[in-house]
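Remarks on the overall topology
Listed below are the residues making up each chain.
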Amino acid sequence: MALRSLYGTIYHQGTVYQASAYAVPFLLELVQQEEVQERESILSLLADLARGDAYHRQHMRIYTDEEKHDPSFQKQLEEEVFEVDCTHQAVKDGIPLYLELLAHQEVKIRTNAIYLLSYFRSEAAQLVPQLSTRFQYERDQGVYACLLYSVGILIKDQSVAYPDAFHLLEQSLEKGETDPIRVAAAMALIRTGSRSFSSRVLDVILEAIMHPETVENVYKELPWVEDGFLFEAVISLSQLPSSFHHSLVDPRLIDFLETVRAQDEETLDQIALDLALDLHSEMGLDPHF
């Protein structure tokens, strides 16, 4: 199936279009057919569509205030946002199908279905219990890690309303059977936006950063790790509440961030630099390292 050509017409660099919502039922039909190849890739495309945005809204910074207040600009933006909402709703209509796929025999289909479900936070009351029940059946550590991460995203800023799910993340952090599972639990706890997790979160991520070979083989197969494990690790650390920086600071983290700054990876470098400056400031050190 020519998925690459579809990407160009219904999704491109974060933008969805008028045709996007109309394509979703066709994609859902394909996902239901066992004989169709690359179904995990179709689920990945559906996830992109679910998170897609309007072109003008994504690029607001490039327009002047005068352009933003122009009636024609406002009309175009309104139309684009409508297309985004229609596309998201069309993908959301497939939730019953994605839930069925949680028990599929193919690992990549399970992980991509789990990843896709994480984009429907408005349905957390339905999805969190469904995902939580899968932990007792799942034996693949990559799928287990994906479950943890998606639960963390779904309960973001509302972890108090889901104490059982939050406790499950904490248990996986402390008692997870493998490094990938413990790291996923640590990242998931950060994604919840909670301020009540322990310093063990930082310890687990730092250990994985120092010894990436313990997790990389699993993480390179996960749909939410688009730019490699180290990138995701730095993103997670950058999302730690600022109030944690002083109490959780560790010389290993500073050493790592300085190493990252020496690499030719612009986005990763900037994230690392911002985090390092915050940590240096908290420690009362000279930020010009």
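Notes on the structure in this doc start here. Each chain has its residues counted from 1, following the order in which its sequence is written. Two thresholds apply to this predicted model, a pLDDT of at least 70 for residue-level local features and 80 or more for giving and counting side-chain atom pairs, whereas whole-chain, interface and lining totals are computed over all residues. Side-chain numbers come from the whole structure's heavy atoms, not from hydrogens or water.

Thoughts on the overall build of the protein chain
Keep this limit in mind: Every helix listed is a DSSP run of H or I at least four residues long, and every strand listed is a run of E at least two residues long, numbered separately from the N terminus. Exposure is judged per residue with a 1.4 Å probe applied to protein chains only, and the accessible area is read against the type maximum: over 50% gives exposed, under 20% gives buried, and values in between give partly exposed. For this analysis, residues touch if any pair of their heavy atoms sits within 4.5 Å. Where accessible areas are quoted, they stem from the Shrake-Rupley method and a 1.4 Å probe; at the residue level, only the protein chains shown are allowed to cover.
Helix and strand counts for the protein chain stand at 18 helices and 2 strands. A buried classification covers 51% of the 289 residues belonging to the protein chain. Considering only contacts in the protein chain between residues 6 or more positions apart, those separated by 24 or more positions represent 66%. In the form shown here, the protein chain has an accessible surface area of approximately 14600 Å², with 49% of it arising from carbon and sulfur atoms.

Some words on the packing of aromatic side chains
Two measures describe an aromatic ring pair: the distance that separates the ring centres and the angle between the ring planes. The following threshold applies: We call Phe, Tyr and Trp rings a pair once their centres come within 6.5 Å, taking the six-membered ring for Trp, and we label the pair stacked below 30 degrees between planes, edge-to-face above 60, and tilted otherwise.
The tally for this structure, following the rule as stated, stands at 7 aromatic pairs. Centroid distance Y63 to F73: 4.9 Å. Interplanar angle 70°. Geometry classified as edge-to-face. You can see Y63 sitting in the loop between helix 4 (55-58) and helix 5 (65-68) and its partner F73 sitting in helix 6 (residues 71-92), a full 10 residues away along the chain. Y63 gets classed as buried once you look at its relative accessible area, which sits at 17%. A relative accessible area of 7% places F73 in the buried class. Ring geometry for Y98 versus F120: centroids 6.4 Å apart, planes at 5°, classification stacked. Pair noted here: Y98 is in helix 7 (residues 95-100) and F120 is in the loop between helix 8 (107-117) and helix 9 (124-134), with a separation of 22 residues, a long-range link.

Quick word on the packing of helix 3 (residues 39-51) against helix 8
The condition is simple: The axes used here are C-alpha line fits, helices contributing only the stretch in contact, and every angle between their N-to-C directions lies in the interval 0 to 180 degrees. Our angle categories are set so that under 35 degrees counts as roughly parallel, over 145 as roughly antiparallel, 65 to 115 as roughly perpendicular, and the remainder as oblique. Asp, Glu, Lys and Arg are counted as charged, while Ala, Val, Leu, Ile, Met, Phe, Trp, Tyr, Cys and Pro are counted as nonpolar; the rest, among them Gly, fall into the polar class.
As a packed pair, helix 3 and helix 8 sit with axes 9 Å apart at the nearest point and diverge in direction by 10°. On the basis of their axis angle, the class for helix 3 and helix 8 is roughly parallel. Here helix 3 contributes R39, E40, L43, S44, L46, A47, A50 and R51 to the contact with helix 8, which in turn contributes K108, I109, N112, A113, Y115 and L116. A breakdown of the residues in the contact of helix 3 with helix 8 according to their chemical character gives 8 nonpolar, 2 polar and 4 charged.

Notes on the nonpolar core
Nonpolar side chains tend toward joint burial in soluble globular proteins. Using the following cut-off: Take the buried residues of types Ala, Val, Leu, Ile, Met, Phe, Trp, Tyr and Cys, join any two whose side-chain atoms come within 4.5 Å, and each joined set is a nonpolar core.
Grouped together as the largest cluster of nonpolar side chains are 88 residues, with contacts concentrated most on L46, L49, Y98 and Y219. Beyond its immediate sequence surroundings of up to four residues, Y219 is in contact with P180, V183, A184, M187, W224, V225 and F229.

Things to note about the side chain of H56
Here H56 lies in helix 4. On the basis of relative accessible area, H56 is assigned to the buried category, the value being 15%.

What about the pattern of salt bridges?
Basically, it comes down to this: The term salt bridge refers to a pairing of a side-chain nitrogen on Lys or Arg with a carboxyl oxygen on Asp or Glu at a separation within 4 Å.
Following the criterion strictly, the structure yields 8 salt bridges and no others. Here R39 ties to E34 by a salt bridge, and the two come within 2.8 Å at their closest N and O atoms. Here R39 falls in the buried class, since its relative accessible area comes to 4%. Notably, a salt bridge pairs K92 with E123, separated by 3.5 Å at the nearest N-O pair. Here E123 lies in the loop between helix 8 and helix 9 and K92 lies in helix 6, a separation of 31 residues in the sequence. Of the residues examined, K92 reaches a relative accessible area of 18% and is grouped as buried.

Notes on helix 8
Most of helix 8 is tucked away, with 9 of its 11 residues classed as buried. Buried within helix 8 we find I109, R110, T111, N112, A113, I114, Y115, L116 and L117.

Some remarks on the side chain of T192
This is how it is decided: Two N or O atoms count as a polar contact when they lie within 3.5 Å, although within protein this holds only if one can serve as hydrogen donor and the other as acceptor, and sequence-adjacent residues are included solely when both atoms are side-chain atoms.
Relative to the elements of secondary structure, T192 occurs in the loop between helix 12 (179-191) and helix 13 (200-210). Within the structure, T192 has its side chain in polar contact with the backbone oxygen of L189 (distance 2.6 Å). Filtering out sequence-adjacent residues up to four positions away, T192 remains in contact with G152, I155, K156, D157, S159, F166 and L169.

Description of the environment of Y162
By the secondary structure assignment, Y162 is in the loop between helix 10 (141-154) and helix 11 (163-175). Relative accessible area serves as the criterion here: at 16%, Y162 is assigned to the buried category. Here the alpha-carbon distance between Y162 and P129, two residues 33 residues apart in the chain, equals 9.2 Å. Not counting residues within four places of it along the chain, the set of residues in contact with Y162 comprises A124, A125, V128 and I155.

Details of the environment of A186
Checked against the element boundaries, A186 lands in helix 12. A relative accessible area of 0% places A186 in the buried class. For the pair formed by A186 and R200, sequence separation is 14 residues and the distance between their alpha carbons is 8.0 Å. For A186, the residues in contact, after removing those within four places along its chain, are L173, V201, V204 and I205.

Here we look at the packing of helix 13 against helix 15 (residues 229-238)
To keep it simple, the criterion reads: Whether a crossing is left-handed or right-handed is set by the direction in which the near helix is turned from the far one by less than a right angle, anticlockwise for left-handed and clockwise for right-handed.
Two elements in contact, helix 13 and helix 15, have axes separated by 10 Å at closest approach and are oriented at 155°. In terms of orientation, helix 13 lies roughly antiparallel with respect to helix 15. Helix 13 and helix 15 meet at a crossing whose hand is left-handed. Packed against helix 13, whose contacting residues are L202, I205, A208 and I209, the element helix 15 presents F229, L230, A233, S236 and L237 at the interface. Across the contact of helix 13 with helix 15, the residue classes tally to 8 nonpolar, 1 polar and no charged.

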